[in-house]
Structure formats: structure tokens, C-alpha cells
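So the chains spell out like this:
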Amino acid sequence: MTETNQSSSHKAGIEAVTPETGTQPQNSQAQKNPQKESLLGNLVLNIILPTLILTKLSGDNWLGTKWAIVVALAFPLVYGLWDLRRSGKVNFFSALGIVSILLTGGMSLLELDAKYIAIKEAAIPGLLGIATIASLYTRWPLVRTLLYNERILDTAKIARALETRGNTNLFERTLQQASWMIAGSFFLSSTLNYILAEVLLKSPPGTEAFNEELGKMTALSFPVIALPATIILMLVLVFLFRRIGKLTGLTLEEIMVQQ
């Protein structure tokens with residue numbers, strides 16, 4: 001369940017102005033001013049409500065252990081589906097978060113041993129780290145989706161400046177370095193996910209105590225897992241900005257997309 005709190009921060013880039021006419025595509029107005037995702041709503045639906053339900057309403061005099069899991073996981077699941085519909089496109093990370101929720105719910109309802117949840121919690125970010133590295137050998141490296149995209153940077157201007165200075169190959173090496181750093185953040189999340197699950201999930205599945213432990217794991221997922229990974233991504237972004245400035249001679253204001 002912890003992956004959902006991280007995956008919503010990764011979105012695909014928007015379409016650029018058509019070069020032939022300098023005009024916007026017909027649906028560009030909605031893309032130019034996309035609806036902002038609410039951080040408070042994200043935290044409430046993905047962390048706070050599921051935590052409260054699992055820790056406070058799992059008793060037999062309330063929802064019971066199984067219904068508490070169903071209701072708690074319904075909030076991040078519905079939020080994830082709504083986010084996919086709002087964005088108008090299938091985002092890989094959002095879809096992966098939804099799959100993670102379904103796996104957590106299924107394992108809990110089937111009362112599988114907690115070690116399987118720990119393995120699942122570690123496997124998903126671990127696979128993302130491997131995919132980030134593997135993508136370097138394809139035409140679509142993930143670093144371009146996560147950081148170096150038209151939603152954040154004026155990639156066309158950067159490409160022209162790199163070509164003018166003859167630094168295109170050096171910049172490709174920079175993207176490779178950034179990709180390894182991003183992969184490292186996923187591997188860190190994988191390790192922290194596993195440790196958190198192993199430390200907290202001690203009770204037998206299907207019990208009120210297990211639900212409370214699952215709720216605590218959800219509550220701690222943001223400060224223990226999402227926050228360090230986000231800090232690393234921000235540091236990678238700073239590294240990328242500085243390298244772009246050095247290789248292109250452009251200022252930060254010049255390389256950023258002008259809203």
C-alpha cells in the first residue's frame with residue numbers, strides 16, 4: 001500500500017506547441033492548465049483515513065477485521081482510479097499503485113503470512129529500480145518521464161543549446177547518471193518497505209492486531225519511505241538542472257517551461 005503515496009507524484013509530460021503553425025492543439029488549453037493534485041487530499045485518502053479505519057474500526061463491534069481492510073483500501077483505490085480518469089491517460093506509476101493496493105488487500109483477506117506482504121512491499125519499488133536501469137538501453141529511458149520532460153523543462157531549447165555547444169553526448173551521460181540515482185531511490189524504498197513490514201507485521205493475519213499493525217505501517221510509509229525517496233528525487237533534479245546549465249550556458253529561468 002505504501003507505493004501509492006509515491007506513485008502519484010510522477011506524471012507524463014504535456015503536448016508541445018505545434019511547430020508548423022505555432023498554434024496550440026485543440027485540447028491544449030486543458031493540458032496547459034491541468035487541475036492541480038491536492039497534497040492534503042492525497043494524504044487524507046491514501047494515509048490518514050486508511051490508518052484510522054484499520055487501527056480504530058477493526059474490532060468486532062465496528063467493521064470487523066475483513067471489512068475494515070476492504071473499506072480502508074477502498075479510499076486509496078478509488079482515489080487512484082479517479083486520478084487516472086482525471087489525467088485522461090493511463091499513468092504507469094498510478095496503475096502500479098492500484099495493483100499494489102489490490103495485492104495488499106488480497107493477501108490480507110486471504111490471511112496469507114505477513115512475510116508475503118513484506119516481499120510484495122519490497123518487490124514493487126525494487127522492480128521499478130530495475131526497470132529504470134533497463135530503460136537506459138531502450139529508446140524511452142524512464143528519467144525522461146520522471147524528470148526530463150516537457151512539463152518541467154523546455155527540452156527543445158535545451159536540445160538546440162546542447163547541439164550548438166557540441167555537448168549532446170555529455171548530456172546523455174548526465175541522463176544516465178541521473179537514471180542510476182533514481183534507481184537508487186527506488187532500491188532505498190524497496191529496502192525500507194521490507195524493513196517496515198518485517199518490523200511491524202507480527203500478528204497473525206485476520207486478527208484485529210494485524211489490522212492495527214497494517215494501519216501503523218500505512219501511517220509510517222510517508223515519513224519513513226516516501227519522504228526520503230522524494231528528497232533523493234529532488235537532489236537528482238538539482239543535479240540535472242546544474243548540469244543542464246553548465247552544458248548549455250542557459251539560466252534556470254531559460255530552461256524551465258514558461259507558464
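Quick caveat: nothing in here was measured; it's all calculated off a predicted structure. (Residues numbered from 1 in each chain as written. Predicted model: local features only at pLDDT ≥ 70, side-chain atom pairs only at ≥ 80, totals over all residues. Heavy atoms only, no water.)

Asker: Now, about the environment of Glu121: what can you tell me, with residues and values included?
Answerer: Take Glu121: it is sitting in helix H6 (residues 114–134). Given the relative accessible area of 0%, Glu121 is considered buried. Side chain to side chain, Glu121 and Lys120 meet in a polar contact 2.7 Å long. (Helix = DSSP H or I, 4+ residues; strand = E, 2+ residues; numbered from the N terminus. Buried < 20%, exposed > 50% of the residue type's maximum accessible area, 1.4 Å probe, protein only. Polar contact = N/O pair within 3.5 Å; in protein donor to acceptor, adjacent residues only side chain to side chain.)

Asker: I'd love a proper account of the packing of aromatic side chains, names of residues and values included.
Answerer: Going through the model one piece at a time under the given rule, you end up with two aromatic pairs. Ring centres of Tyr79 and Trp82 lie 5.8 Å apart, and the angle between their planes is 40 degrees; on these two criteria the pair is classed as tilted. One end of the pair is Tyr79 and the other is Trp82, both in helix H4 (residues 65–87) and three residues apart, which spans about a single turn. By relative accessible area, Tyr79 is classed as buried at 9%. (Phe/Tyr/Trp six-rings, centres within 6.5 Å; stacked < 30°, edge-to-face > 60°.)

Asker: With reference to specific residues and values, describe the packing of helix H9 (residues 168–200) against helix H10 (residues 208–248).
Answerer: Running from N to C, H9 and H10 cross one another at 170 degrees; their axes reach a closest spacing of 10 Å. In terms of axis orientation, H9 runs roughly antiparallel to H10. Class assignment for the residues of the contact of H9 with H10 results in 24 nonpolar, six polar and three charged. (Axes fitted to C-alpha atoms, helices over the stretch in contact; angles between N-to-C directions. Parallel < 35°, antiparallel > 145°, perpendicular 65-115°, else oblique. Nonpolar A, V, L, I, M, F, W, Y, C, P; charged D, E, K, R; others polar.)

Asker: Give me the lowdown on the side chain of Thr132, citing residues and values where you can.
Answerer: By secondary structure assignment, the location of Thr132 is in helix H6. Aside from chain neighbours lying at most four places away, what touches Thr132 is Leu142, Ser179, Ile182, Ala183 and Phe186. (Contact = heavy atoms within 4.5 Å.)

Asker: Mind laying out the side chain of Thr218, listing which residues take part and the relevant values?
Answerer: Position of Thr218 relative to the elements: it lies in helix H10. Side-chain polar atoms of Thr218 contact the backbone oxygen of Leu214, separated by 3.0 Å.

Asker: How would you explain H10 if you had to name every residue and give the values?
Answerer: The end-to-end C-alpha distance of H10 is 58 Å, a good match for the 60 Å that 41 residues give at a rise of 1.5 Å each. Downstream of H10 by a residue or two, Gly249 has a phi angle that is positive, lying close to 80 degrees. (Expected span 1.5 Å × (residues − 1).)

Asker: Go over the nonpolar core with me, naming the residues and quoting the values.
Answerer: Of all hydrophobic cores here, the largest spans 23 residues; its most connected members are Tyr148, Phe171, Ile182 and Ile244. Put simply, the parts of the chain that give this core at least two residues each are helix H7 (142–146), helix H8 (155–165), H9 and H10. In terms of residue count, the dominant contributor to this core is H10 (seven residues). Excluding anything up to four places from it in sequence, Phe171 contacts Tyr148, Leu162, Leu240, Ile244 and Leu247. (Core = buried A, V, L, I, M, F, W, Y, C linked by side-chain atoms within 4.5 Å.)

Asker: Could you give an account of H8, naming the residues involved and the relevant values?
Answerer: Where H8 is concerned, the buried positions are Thr155, Ile158, Ala161 and Leu162. All buried residues of H8 lie within an arc of 125 degrees about the axis, which places them on one face of the element. Exposed positions of H8 whose direction lies more than 90 degrees from the buried face are Arg160, Glu163 and Thr164. Elements that come into contact with the buried residues of H8 comprise H9, H10 and helix H11 (252–255). Once H8 ends, the next one or two residues include Gly166, with phi positive near 70 degrees. (Arc of directions from axis to C-beta.)

Asker: Pulling in residues and values, what's your account of the environment of Ile182?
Answerer: As for its placement among the helices and strands, Ile182 is situated in helix H9. Judged by relative accessible area, which is 0%, Ile182 ranks as buried. The spacing of Ile182 and Ile232 is 50 residues in sequence and 7.7 Å in space, taken between C-alpha atoms. Ignoring anything within four residues of it in the chain, the contact list for Ile182 reads Thr132, Val143, Leu146, Leu147, Leu233 and Val236.

Asker: So what about the confidence of the model for the chain? Which residues, and what values?
Answerer: Confidence in the prediction of the chain, expressed as mean pLDDT, is 78, and 81% of residues score 70 or more. Every residue in residues 3–34 scores below 50 in pLDDT, and together they form 53 contacts with partners more than four places removed in sequence or on other chains. (pLDDT = per-residue confidence, 0-100.)

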